[in-house]
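An overview of the molecular structure
Chain by chain, the residues:
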Amino acid sequence: MKKGEEGGEEEVSLQTLSKKMDDFAKARDWEKYHSPRNLLLAMVGEVGELSEIFQWKGEVARGCPDWKEEEKVHLGEELSDVLLYLVRLSDACGVDLGKAALRKIELNAIKYPAPKQTDDHCVGDGEHSSGNIKLNEEH
Ligand SMILES: Nc1ccn([C@H]2C[C@H](O)[C@@H](COP(=O)(O)OP(=O)(O)OP(=O)(O)O)O2)c(=O)n1
C-alpha cells in the first residue's frame, strides 16, 4: 500500500475501494443483490442518512470545528457509505469512475473559466469582467 506524501497517511485509490467492495460482495454471495438499480437506491438511502446528520443544525462551519468526536466519526461513516455505493454502482454500470471524474473536471473548467489573474488591472478601471469579484470596491 502506498504512503501519502504528508504525515505517512495511507493513500486510498478508487481501485482499492472497488476491489474491497467486490471481495465483500463475493464473500457473502451478495453480487446478485448489487444490481445498478439496487445500488443506486442504497446510495440514495445513505445520502438520506448523511443529510440527517446535518438536519436542524443550521449552517455548519467548514471543517465542522464545533462537532463532537463521535459526530465526526458518524459523519465519516455515512460519507463512506455514499462513496462505497457510488464506487460499486459505477462498477456495476461499467463506468471507470476515476477517469470519468477527471474528464468531468476538465469539462467544468471549460464551462466555467476562471477569471484572468492580472496584477495591474482591477475591475472598475475600465476593464470588463464576467465575474462578480470586485477589487478596489468603494464602501
Ligand atoms: N447489501 C449490502 C448491504 C450493505 N453493504 C455495505 C455497503 C455500505 O457501506 C454498508 C451499508 O450497511 P447498512 O445497510 O447496514 O447501513 P448502515 O451501515 O448505514 O447501518 P444503519 O442503516 O443501521 O445506520 O454495508 C453492501 O455493500 N451491500
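Reading the values: rules and limits
- Residues numbered from 1 in each chain as written.
- Predicted model: local features only at pLDDT ≥ 70, side-chain atom pairs only at ≥ 80, totals over all residues.
- UniProt positions renumbered as here; feature names shortened; annotations may be inferred.
- Axes fitted to C-alpha atoms, helices over the stretch in contact; angles between N-to-C directions.
- Helix = DSSP H or I, 4+ residues; strand = E, 2+ residues; numbered from the N terminus.
- Parallel < 35°, antiparallel > 145°, perpendicular 65-115°, else oblique.
- Contact = placed C-beta atoms within 7 Å.
- Nonpolar A, V, L, I, M, F, W, Y, C, P; charged D, E, K, R; others polar.
- Near = placed C-beta within 6 Å.

An unreviewed UniProt entry annotates the protein chain as dCTP pyrophosphatase 1 originating from Arabidopsis lyrata subsp. lyrata. UniProt annotates the protein chain under Function (unreviewed entry) with the comment "Hydrolyzes deoxynucleoside triphosphates (dNTPs) to the corresponding nucleoside monophosphates. Has a strong preference for dCTP and its analogs including 5-iodo-dCTP and 5-methyl-dCTP for which it may even have a higher efficiency. May protect DNA or RNA against the incorporation of these genotoxic nucleotide analogs through their catabolism." Recorded under Subunit (unreviewed entry), the UniProt text for the protein chain is reproduced unchanged: "Homotetramer."

Here we come to the packing of helix α1 (residues 14–27) against helix α3 (residues 69–92). Across the interface, α1 lies against α3 with an axial gap of 9 Å and an inter-helix angle of 85°. Between α1 and α3, the interaxial angle falls into the category roughly perpendicular. Residue-level inspection shows Leu 14, Leu 17, Ser 18 and Met 21 of α1 in contact with α3, the latter providing Leu 84, Val 87, Arg 88 and Asp 91. Here the residues of the contact of α1 with α3 are counted per class, giving 5 nonpolar, 1 polar and 2 charged.

Glancing now at the site of the ligand. The full set of residues close to the ligand is Phe 24, Trp 30, Tyr 33, Glu 49, Asp 81 and Leu 84. Partitioned by chemical class, the residues of the shell around the ligand number 4 nonpolar, no polar and 2 charged.

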